[in-house]
Amino acid sequence: MKLIDLIIIGGGPAGLAAACQAKENGINNILLLERENVLGGILKQCIHNGFGLQYFQKELTGPEYANEFIEKIHKLKIPYKVNTMVLSIQPNKTIITSSKEEGYVVYQAKSIILAMGCRERPRGAIRIPGTNPSGILTAGTAQKFVNIDGYIPGETCVILGSGDIGLIMARRLTLEGVKVKAVCEFQPYPGGLSRNIEQCLIDYNIPLMLSHTVVAIHGKKRVTGVTIAKVDEHFNIIENSKQEIACDTLLLSVGLIPENELTSQMGIKMDQVTSGAMVNQTLETSIKGVFACGNVLHVHDLVDYVTMEGNRAANYATTYLNNSKNLMKKRITVIADKGIRYVMPQYIDIGEKNEKITIYFRSKEIYREKNTIVKCQKKIISRHKNLRLMPAEMEKILVKTEDISGDTIYVGVDTND
């Protein structure tokens, strides 16, 4: 058994940032574990630009963004292992890994940062009826085929879902000569960032069909077309709205799922909405010394925010390893109230010092010029005016721990203002 102070699981943007920050904090006994053959996570296939504007104040492609941290990993001489699968993690922080080079290895960690990222929701999760021919791909798989492997998935395409990867692939395929006939979105609002709607669809005259979904897939060996239909406000199919679109490819961009099998296996308390761990303001899970960050915790809008959260996780893990104690006096539960889909953190641990806590949240629907409020014992303790709230865009609000008097606070949209 090998003893390690800090083990970081996942070599994507969150894990890379956490490893570099921890090393700079003076934690030397670090190990970064990655199951793929290179570091970088999903960034290595994201060859479009737009990354790094928040964190580096310059525009980078995905591989360039990852390389900023990979070079830093080498410069700081941080140990890492690729092609290494984490098979299990025990609540006592024992980690069992497997690799071709070393076989089974057991590590005992003092602290762990979970940074495994997320995966795409597949066809089986959305239950589209019809046949099962070739030509049905998730948007991320298509991205890998085009940008890494050099394969074009088809000639004519329909995209189901308006998540950011799907929007980006609509543009990417168009640039490669593929005819993208429509992007269909089940919800009455787009699922991706506004800038991607503008730059990837509007600029290329690709139709965005809101409140539409695919109700059937046609074809035997290969997709020959799909039937789409409009849905009403209760998401029921409007029968007379059905229309068939001929295409040879269907891309699915219907959401991301945090990679939390290992988290659940440890017995960590999970949030049923985010599918990530429940954490306090230090990103610490229900197991002491185990922290979570990035898309394994909740799906972020920008990789820059993932990086910032990785830095925070490393800072809190450093504090934990240095035995710096801020004696917890009381735990506050944070509840998503009216108009809010989820909040993060789910708990605030109030210690001896007063703090300003940032609560992140997503709205359930689109709101314009509404106040976000935080209530404690029916009293408003924080208020923030929002010009616009959208489910696709993360928002935040500040709370002072000195203003919290009860054991529960509620974050909601004030629809009466």
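Further up the page is the structure itself.
Structure report, in brief. (Residues numbered from 1 in each chain as written. Predicted model: local features only at pLDDT ≥ 70, side-chain atom pairs only at ≥ 80, totals over all residues. Heavy atoms only, no water.)

1. A closer look at the sheet that holds strand E10 (residues 179–185)
Alright, step 1. Strand order across the open sheet formed by five strands is E8-E15-E9-E10-E11, with parallel pairing between neighbours. At either end of the open sheet lies a strand with only one pairing partner, and these are strand E8 (136–138) and strand E11 (208–210). If you compare each strand with its neighbour and ignore which way they point, the axes differ by 20 degrees on average.
Alright, step 2. Pairing geometry for strand E9 (residues 156–160) and E10, over five bridges, is parallel. Paired with Cys157 across the strands is Val180, a residue of E10.
Alright, step 3. Contacts from helix H3 (residues 139–149) reach E8 and strand E15 (249–252), with the element oriented near 90 degrees to E8. (Pairing = 2+ DSSP bridges. Helix = DSSP H or I, 4+ residues; strand = E, 2+ residues; numbered from the N terminus. Axes fitted to C-alpha atoms, helices over the stretch in contact; angles between N-to-C directions. Contact = heavy atoms within 4.5 Å.)

2. Comments concerning the pairing of strand E23 (residues 379–389)
Alright, step 1. Relative to E23, strand E22 (residues 367–376) is paired through nine bridges, and the arrangement is antiparallel. Residue pairing in the sheet places Asn371 in a bridge with Lys385 of E23.
Alright, step 2. Turn length for the E22-E23 hairpin, with the two strands adjacent in sequence and antiparallel, is two residues, and the turn residue Gln377 shows positive phi of about 50 degrees.

3. Focus: unusual backbone geometry
Alright, step 1. Along the chain, Met344 connects to Pro345 via a cis peptide bond; the corresponding omega equals 10 degrees.
Alright, step 2. Positive phi outside glycine occurs at Phe235, with the angle close to 65 degrees.
Alright, step 3. Take Phe235: it is sitting in the loop between strand E13 (225–230) and strand E14 (243–246).

4. Here we look at the pattern of salt bridges
Alright, step 1. Considering all chains together, one arrives at 17 salt bridges under this definition.
Alright, step 2. The salt bridge involving Lys110 is made with Asp5; its shortest N-O contact spans 3.4 Å. Here Lys110, found in strand E6 (residues 103–114), pairs with Asp5, found in strand E1 (residues 2–9); they are 105 residues apart in sequence, far enough to count as distant.
Alright, step 3. Accessibility expressed as a relative area gives 52% for Lys110, which makes it exposed.
Alright, step 4. Residues joined in a network through salt bridges with shared partners are Arg35, Arg119, Glu259 and Glu261. (Salt bridge = Lys/Arg side-chain N within 4 Å of Asp/Glu carboxyl O. Buried < 20%, exposed > 50% of the residue type's maximum accessible area, 1.4 Å probe, protein only.)

5. Re H3
Alright, step 1. Those residues of H3 that fall on the buried side of the exposure criterion are Ala139, Gly140, Ala142, Gln143, Val146 and Asn147. The buried residues of H3 all sit within an arc of 155 degrees when viewed along its axis, so they share a single face.
Alright, step 2. Elements in contact with the buried residues of H3: strand E7 (118–120), E8, helix H4 (164–175) and E15.
Alright, step 3. With its phi angle positive at about 80 degrees, Gly150 sits one or two positions after the end of H3. (Arc of directions from axis to C-beta.)

6. Describing the packing of helix H1 (residues 13–24) against helix H7 (residues 303–321)
Alright, step 1. Interhelical geometry of H1 versus H7 gives an angle of 40 degrees and a closest axis separation of 7 Å. The angle between H1 and H7 falls in the class oblique. The hand of the H1/H7 crossing is right-handed. Facing H1, whose interface residues are Pro13, Ala14, Ala17, Ala18, Gln21 and Ala22, H7 presents Val303, Val306, Thr307, Gly310, Asn311, Ala314, Asn315 and Thr318.
Alright, step 2. Its residues assigned to classes, the contact of H1 with H7 shows eight nonpolar, six polar and no charged. (Parallel < 35°, antiparallel > 145°, perpendicular 65-115°, else oblique. Left-handed = near helix turned anticlockwise from the far one by under 90°. Nonpolar A, V, L, I, M, F, W, Y, C, P; charged D, E, K, R; others polar.)

7. Digging into H7
Alright, step 1. Between its first and last C-alpha atoms H7 spans 27 Å; for 19 residues at 1.5 Å apiece the expected length is 27 Å, and the two agree.
Alright, step 2. Along H7, the residues that are buried comprise Val303, Asp304, Val306, Thr307, Glu309, Gly310, Asn311, Ala313, Ala314, Ala317, Thr318 and Leu321.
Alright, step 3. Summarising the contacts, the buried residues of H7 are in contact with E1, H1, helix H2 (62–75), E6, strand E17 (290–292) and strand E19 (340–344).
Alright, step 4. Asn323 sits one or two residues past H7 and shows a positive phi near 60 degrees. (Expected span 1.5 Å × (residues − 1).)

8. Observations concerning the sheet that holds strand E25 (residues 408–414)
Alright, step 1. The strand order across the open sheet formed by five strands is E20-E18-E25-E22-E23, and the pairing between neighbours is mixed. Looking at which strands have only one partner, the edges of the open sheet turn out to be strand E20 (347–350) and E23. Going across the sheet, the axis of each strand differs from the next one's by a mean of 20 degrees, ignoring polarity.
Alright, step 2. Two strands pair when backbone bridges link them, and strand E18 (residues 330–336) and E25 are joined in this way by four bridges, in the parallel orientation. Within the sheet, the bridge partner assigned to Thr333 lies in E25 and is Thr408.

9. Here's the deal with the packing of aromatic side chains
Alright, step 1. Using the criterion set out here, one finds seven aromatic pairs in the structure.
Alright, step 2. A ring pair is formed by Phe56 and Tyr65, whose centres lie 5.2 Å apart and whose planes are at 75 degrees; its orientation type is edge-to-face.
Alright, step 3. Among the residues examined, Tyr65 registers a relative accessible area of 0% and is labelled buried.
Alright, step 4. Where Phe56 meets Phe69, the ring centres are 5.7 Å apart and the plane angle is 55 degrees; that geometry is what we call tilted. Of this pair, Phe56 sits in the loop between strand E2 (30–33) and H2 while Phe69 sits in helix H2, and the two are 13 residues apart along the sequence.
Alright, step 5. Overall, the relative accessible area of 22% leaves Phe56 in the partly exposed class.
Alright, step 6. Among the aromatic side chains, those forming a connected cluster through ring pairs are Tyr55, Phe56, Tyr65 and Phe69.
Alright, step 7. Between the NZ or CZ atom of Arg331 and the centre of the ring of Tyr347, over which it lies, the distance is 4.4 Å. (Phe/Tyr/Trp six-rings, centres within 6.5 Å; stacked < 30°, edge-to-face > 60°. Lys NZ or Arg CZ within 6 Å of the ring centre and 35° of its normal.)

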